[in-house]
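Understanding the architecture of this molecule
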Amino acid sequence: MKKFRLYYDKDKETQWLQRMANQGWALEEFFLGVYTFVPCEPGEYRCQIDFLENGADFEGYCQLMEDSGVEVICRWGRWVFLRKKVADGPFVLYTDTESLIRHYGNIRAFFRFFSALLLICFLTNLVNYLVNLHPAIILLDLIPACVAVVMLRVVWRCSWKIEQLQEQANS
């Protein structure tokens, strides 16, 4: 079964994948918003999505996951889709607050960088529009602007999660 979804929140995406696994559908593949599922026993797997640090050794990462009983389903850029059989015990990627804060900080930095690039595209196109006054240019300019707004929302959400974790650690 294939399903198309666009997620910008890793936690919501993980929850959806877990609901699918609980209903008997295990993720097999992901590409550009298209999720491919295969039948499994309902509740057989725990699902997680990880975001690799820049320059991470993916082969070493896969070996570490395999050694801990975790299956690497697929990778899309720096995103890694993982699952572990429920019968094999709990599945938590980040067990301490500091590593979780670093994890959300990496996601925030990634989206901050690309939203800045898109905003530069937006401003460049806007200047081009003001010089040429061609309506097609302003319409094309709306695409990177809208995507940048979505990415800035991810940046805000990661910042909010980091603040919550820091408050939790300090109390």
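Here's what I pulled together on the structure shown here. Along each chain, residue indices are assigned from 1 in the same order as the chain's sequence is written. Residues qualify for local features only when their pLDDT is at least 70, as the model is predicted, and side-chain atom pairs are given and counted only at 80 or more; totals for whole chains, interfaces and linings, by contrast, use all residues. Calculated side-chain values reflect all of the structure's heavy atoms, with hydrogen atoms and water omitted.

What follows concerns the overall build of the chain. To qualify as a helix, a DSSP run of H or I must reach at least 4 residues; to qualify as a strand, a run of E must reach at least 2; elements of each kind are numbered from the N terminus. The helix and strand tally for the chain stands at four helices and six strands. The order of helices and strands in the chain, counted from the N terminus, is β-α-β-β-β-α-β-β-α-α. Counting only C-alpha atoms and orienting by the principal axes, one finds that the chain spans roughly 65 × 45 × 30 Å. Relative accessibility thresholds used throughout: buried, under 20% of the residue-type maximum; exposed, over 50%; partly exposed, between the two (1.4 Å probe, protein chains only). Looking at the chain as a whole, 35% of its 171 residues qualify as buried. Whether two residues touch is decided by their heavy atoms; if any such pair falls within 4.5 Å, the residues are in contact. For the chain, the proportion of contacts with a sequence separation of at least 24, taken over those separated by at least 6, is 60%. Of the roughly 10,500 Å² that the chain leaves accessible, carbon and sulfur atoms contribute 60%. Just so you know, the count uses Lys and Arg for positive and Asp and Glu for negative, and it drops His and the chain ends. By convention, the charge on Lys lies at NZ, on Arg at CZ, on Asp at CG and on Glu at CD. Seen as two clouds, the 18 positive and the 20 negative side-chain charges of the chain have centres 7 Å apart. The protein chains shown are the only cover counted for residues, whose accessible areas, like all others here, come from Shrake-Rupley with a 1.4 Å probe.

Here the focus is the sheet that holds strand 1 (residues 2-4). Whether two strands pair comes down to DSSP finding at least two bridges between them. On the basis of which strands lie adjacent, the open sheet formed by three strands has the order 1-3-2 and antiparallel pairing. Looking at strand neighbours, the two that pair on one side only are strand 1 and strand 2 (25-31), the edges of this open sheet. Strand-to-strand, the axes of this sheet are offset by a mean angle of 30°, without reference to chain direction. Axis geometry follows a simple rule: fit a line to the C-alpha atoms, using only the stretch in contact for helices, then measure angles between N-to-C directions, giving values from 0 to 180 degrees. Packing against the sheet, helix 1 (residues 10-22) makes contact with strand 1, strand 2 and strand 3 (34-39), and its axis sits at approximately 25° to strand 3.

A word on unusual backbone geometry. Positive phi, close to 45°, is recorded for L32, a residue that is not glycine. Considering the arrangement of structural elements, one finds L32 in the loop between strand 2 and strand 3.

What follows is about the packing of aromatic side chains. We call Phe, Tyr and Trp rings a pair once their centres come within 6.5 Å, taking the six-membered ring for Trp, and we label the pair stacked below 30 degrees between planes, edge-to-face above 60, and tilted otherwise. Enumeration over the complete set of coordinates arrives at 14 aromatic pairs. Each ring, one from Y7 and one from W16, has its centre 5.7 Å from the other, and the planes form 35°; the classification is tilted. Its relative accessible area of 4% is what places W16 among the buried residues. Ring geometry for F51 versus F110: centroids 5.2 Å apart, planes at 65°, classification edge-to-face. Of this pair, F51 sits in strand 4 (residues 45-51) while F110 sits in helix 3 (residues 97-132); the two residues are 59 residues apart in sequence, bridging distant segments of the chain. Note on F51: relative accessible area 3%, which makes it buried. Residue classification places F110 among the partly exposed positions, given a relative accessible area of 23%. A connected cluster of aromatic rings, assembled from ring pairs, spans Y7, W16, F30, Y35, F37, W76 and F81. Remark: a charge is flagged as sitting over a ring if the NZ atom of Lys or the CZ atom of Arg is within 6 Å of the ring centre and within 35 degrees of the ring normal. Cation over ring: R75 sits above F58, and NZ or CZ is 4.4 Å from the ring centre. In this structure, R83 is placed above the aromatic ring of Y45, and the distance from its NZ or CZ to the ring centre is 4.6 Å.

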